[in-house]
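# Overview (structure and organization)
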Amino acid sequence: MARGKEARTRDPHRRFTEWLETNSVDDPPRDLAVHAAVCVACQQRISALDMLTAIDPALAGMPPVLPVPVVVWPRTVGRAAVVAGGVAALTVVGIGSWRLIEASSLVGPAVVSPTQAVLGGTGGPAPTPPPSPTASPQPSSDKPSTTEQPSTAQPSVVAPPPVIGQPTPPPVQPTLRPTVRPTVTPRPPTPVPSTPTPVPQTPTPEPPTPTPTATPSQ
Amino acid sequence: MSNDLTETDLLRAAFRDLHGARLHGFALLVAEGDRTRAAHAASTALAAGARRAVELRHPERAAAWLRRRALTELKRTRASPHVTPVERHAALVGIGAAEPAIAALAELTQVRRAALVAGLVERFALTDVATILGTDLVGAQRALSGARREYLTATSQWMQNLPSAAIPGGALAERVDQVASRAVGPRRIDA
């Protein structure tokens, strides 16, 4: 250790070289500076470093000014964008047209459906029974009844039941109206007894005639 | 809006004026006198820096950032095939480089050359050298020491051939002489 320290102390030339290689900003130690002042090799090294400090980079002058780069899209990119836009527009127009055509086929000309054929006779208003002197006045109703009401008051006069499966011509109006409600299920007609009912000799008591009540105004 | 544009343009122009010439010289030294390559690297870095002139307010940080950008550009490009050694030499002599320095710089790698130019020619601080080289402080110190060592080794043969009278003096030589004079002076007085 002591020998190494002594060797380093004895070799100021090497120490000065190390100082030059590591640090030339601070001042060198005095003994090294004294050595360098008389050592030709060290002065050559100092001079070599001074050659660098003698360079003036500003003498190179201004570099050519590059224009501010502007992003220019290549032509192919522009054409691809135009083609993509056209394809997208055509697709939108095609889908829209197809949907319009589809919607018009649903709303357009009326098609007679089998449901209408089956329920054609049942959707209309019930046929008006023939006027009878014993018939009681029915309460007025604005809503037309879609179900046939079997008349129990006159069992002898029985309307023939509608035959399901064959379109029955409506008595008043044609049933090809869109107001037919296919969800209304008709009640099955009252089964007609096959055997004729004997007519009693005694007159049938008439039911009391309901007195129409006056509607209170206001 | 127009005032803002004018102010920005002025700032960019000032940025170019402040950094352009020295940055060009740095690139010229690192590119070993290749004017075309140096001009391209310096212009590219300067254009990039001018766009960020508002952020690069600090002159030394901006200078280090510009040199790093220029060094990156120099690493990316190859030497121009049409530049002759005479043209390279003339370009370096034009900014004050002596013959031994030119020869020694040519023996260094590009990164070592950049470290030496930044640390000794332009006297950047170690932190800025680290910024330029893209390393930490230890790496910058190591690169700088290695560059100095290689440079001194390369110049030794050239310097030995020079006569003593032809050895130029410089700032470092004056400093060493001053320290030596302070050290010897009291001895002389004592003697």
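Residues numbered from 1 in each chain as written. Chains lettered and ligands numbered in written order. Predicted model: local features only at pLDDT ≥ 70, side-chain atom pairs only at ≥ 80, totals over all residues. Heavy atoms only, no water.

## Some words on the confidence of the model for chain A
All names here are of chain A. Residues with a pLDDT of 70 or more make up 39% of chain A, whose mean pLDDT is 66. The least confident element of chain A, judged by mean pLDDT, is helix α6 (residues 114-123) at 55; the most confident is helix α4 (residues 40-53) at 91. Across residues 135-158, confidence stays below pLDDT 50; counting only partners more than four residues off in sequence or on other chains, it has ten contacts. (pLDDT = per-residue confidence, 0-100. Helix = DSSP H or I, 4+ residues; strand = E, 2+ residues; numbered from the N terminus. Contact = heavy atoms within 4.5 Å.)

## Things to note about the interface of chain A and chain B
Contact residues are listed per partner, giving 42 residues for chain A and 55 residues for chain B. With both chains or domains summed, chain A and chain B bury close to 4200 Å², and 68% of this area falls on carbon and sulfur atoms. Arg182 of chain B serves as the salt-bridge partner of Asp27 of chain A, at 3.8 Å between the closest nitrogen and oxygen. Taken together, chain A and chain B are joined by 14 residue pairs in polar contact (both at pLDDT 80 or more). (Buried area = accessible area lost by both parts, 1.4 Å probe. Salt bridge = Lys/Arg side-chain N within 4 Å of Asp/Glu carboxyl O. Polar contact = N/O pair within 3.5 Å; in protein donor to acceptor, adjacent residues only side chain to side chain.)

## Side note on the environment of Ala64 of chain B
You can see Ala64 of chain B is positioned in helix α3 (residues 59-76). Counting along the chain gives 63 residues from Ala64 of chain B to Thr127 of chain B, while the straight-line C-alpha distance between them is 9.2 Å.

## Examining the packing of helix α6 (residues 110-121) of chain B against helix α8 (residues 137-161) of chain B
Residue and element names in this part refer to chain B. The contact between α6 and α8 brings their axes to 8 Å, and the two run at 95°. Between α6 and α8, the interaxial angle falls into the category roughly perpendicular. Where α6 approaches α8, its residues Arg112, Ala115, Leu116, Gly119 and Leu120 are matched on the opposing element by Ala143, Leu144, Gly146, Ala147, Arg148, Glu150 and Tyr151. Among the residues making up the contact of α6 with α8, the classes are represented as seven nonpolar, two polar and three charged. (Axes fitted to C-alpha atoms, helices over the stretch in contact; angles between N-to-C directions. Parallel < 35°, antiparallel > 145°, perpendicular 65-115°, else oblique. Nonpolar A, V, L, I, M, F, W, Y, C, P; charged D, E, K, R; others polar.)

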